[in-house]
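As a plain string of letters, each chain reads:
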Amino acid sequence: MNSSFTISLSLSLSLSLSLSFSFFFFVQNFSTTAALTYLNHFCPHTSLFTPNSTYESNLNTLLFSLSSAATNSTNGFANATTGQNPPDRAYGLFLCRGDVSTSACSDCVANGKRVILRRCQNQRAAVIWYDECMLRYDNRSFFSAMDLKPTLSMQNIANITDPTQFAQVLAKTVDKIATRASNGRSGKKVAVEEVNFTSLQKLYTLAQCTPDLTVLDCNSCLRAMISNLPKGRQGGRSFTLSCSVRFEVYPFYNASGVAAPAPSPSPLSPAPAPAPTPAPETRPK
């Protein structure tokens, strides 16, 4: 499926890039029961390790540990450290989308472990994003720290018919889920909500942080991502190393997999909305 894709990155070396591409929808097959949706990856290229070095050994042990932890993770998150002395100590974590099953989370982390080593060969720091999970490692500690760089944005190619009214409903809804996700006490910092935008259309939203963030940092991260959401589109997302926000006019998460309040009444009409045909979302090639 062809689509138009816009991605913005803000890099840690005070370098801002804005890239626009045309991409195909890319699906990474992992098994006969799961199809993973690759989004992007990032390799800072600031530090390399030598093949067969101590760091490579520590990194392989770290990724094996994270992949094993994902097989029985109840909250879709784990972090780990291997090695004794910097700069050869390896730090890593994974975060699965709050609604995915344990098996889907495990599949995503296992697949990401293989792909990131190939895409960011010999890199001491790297991150890979799928729709279902994020996997990250570094040779410096980043646990419980809010990281906003790089920041990436994606948008649905379809325009919304009433952008002014939609923007008001969207702003109110993502504000609510940002607050709820930040205060999450169930082992996850995630929140979803759906509202009736019109009698024929619903709005679906999701916000999530890594659970190791404080309430304040999670809220700050989500507010920053909300400010980067596309305007006038039927859907979009903004994500970084510590959090993500997404909205669509079709269901993109499993409501039974994450606690969600009852749908709010429509600002324009109280009538319930039938499920619309999913509109295409932009993807990397």
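Look above for the structure.
Residues numbered from 1 in each chain as written. Predicted model: local features only at pLDDT ≥ 70, side-chain atom pairs only at ≥ 80, totals over all residues. Heavy atoms only, no water.

Trainee: Can you walk me through the overall build of the protein in this structure?
Mentor: When its secondary structure is counted, the protein shows 4 helices and 14 strands. Across the 285 residues that make up the protein, the buried fraction comes to 51%. Within the protein, counting contacts between residues at least 6 apart in sequence, those at least 24 apart form 70% of the total. Accessible surface, the protein as shown: approximately 12600 Å² in total, 53% of it carbon and sulfur. (Helix = DSSP H or I, 4+ residues; strand = E, 2+ residues; numbered from the N terminus. Buried < 20%, exposed > 50% of the residue type's maximum accessible area, 1.4 Å probe, protein only. Contact = heavy atoms within 4.5 Å. Areas by Shrake-Rupley, 256 points an atom, 1.4 Å probe, with all protein chains shown as cover.)

Trainee: Whenever I open this one, empty space enclosed by the protein confuses me. Can you help?
Mentor: A water-sized probe rolled over the atoms picks out the places where empty space is left. The full count for this structure, using the stated rule, is 2 cavities of 30 Å³ or more. Its boundaries defined by the atoms lining it, the largest cavity holds a volume of some 300 Å³. As for the largest cavity, its lining consists of 24 residues, and the residues nearest its centre are Y130, D131, Q208, F239 and S244. Secondary-structure elements contributing two or more residues to the lining of the largest cavity are β7 (90–96), β8 (126–130), β9 (133–138), β12 (201–209), β13 (236–239) and β14 (243–248). Tallying contributions element by element places β14 first for the lining of the largest cavity, with 4 residues. Each pocket or cavity is described by its volume, and for the second largest cavity that value is around 40 Å³. Residue lining of the second largest cavity: L93, R136, F142, F143, S144, A145, T210, D212, L213, L241 and S242, and that is the complete set. Broken down by class, the residue content of the lining of the second largest cavity amounts to 6 nonpolar, 3 polar and 2 charged. (1 Å grid on protein atoms, 1.4 Å probe; cavity = no way out; pocket = protein on both sides within 12 Å on 5 of 7 lines; lining within 4 Å. Points joined across faces, edges and corners; volume = space filled by probe spheres on them. Nonpolar A, V, L, I, M, F, W, Y, C, P; charged D, E, K, R; others polar.)

Trainee: I keep staring at the nonpolar core and nothing clicks. Help me out?
Mentor: Side chains that are nonpolar tend, in soluble globular proteins, to be buried together. Counting residues in each nonpolar core, the largest one holds 28 residues, and the members touching the most others are F94, V109, Y130, L135 and Y137. Broken down by secondary-structure element, the contributors of at least two residues to this core are α1 (54–70), β6 (77–82), β7, α2 (102–119), β8 and β9. Considering each element in turn, this core owes the most residues, 6 residues, to α1. Every residue in contact with L135, bar those within four places of it in the chain, is listed here: L63, L66, L93, F94, V109, G112, K113, I116, A126, V127 and I128. Grouped together as the second largest cluster of nonpolar side chains are 24 residues, V169, A191, V195 and L229 included. (Core = buried A, V, L, I, M, F, W, Y, C linked by side-chain atoms within 4.5 Å.)

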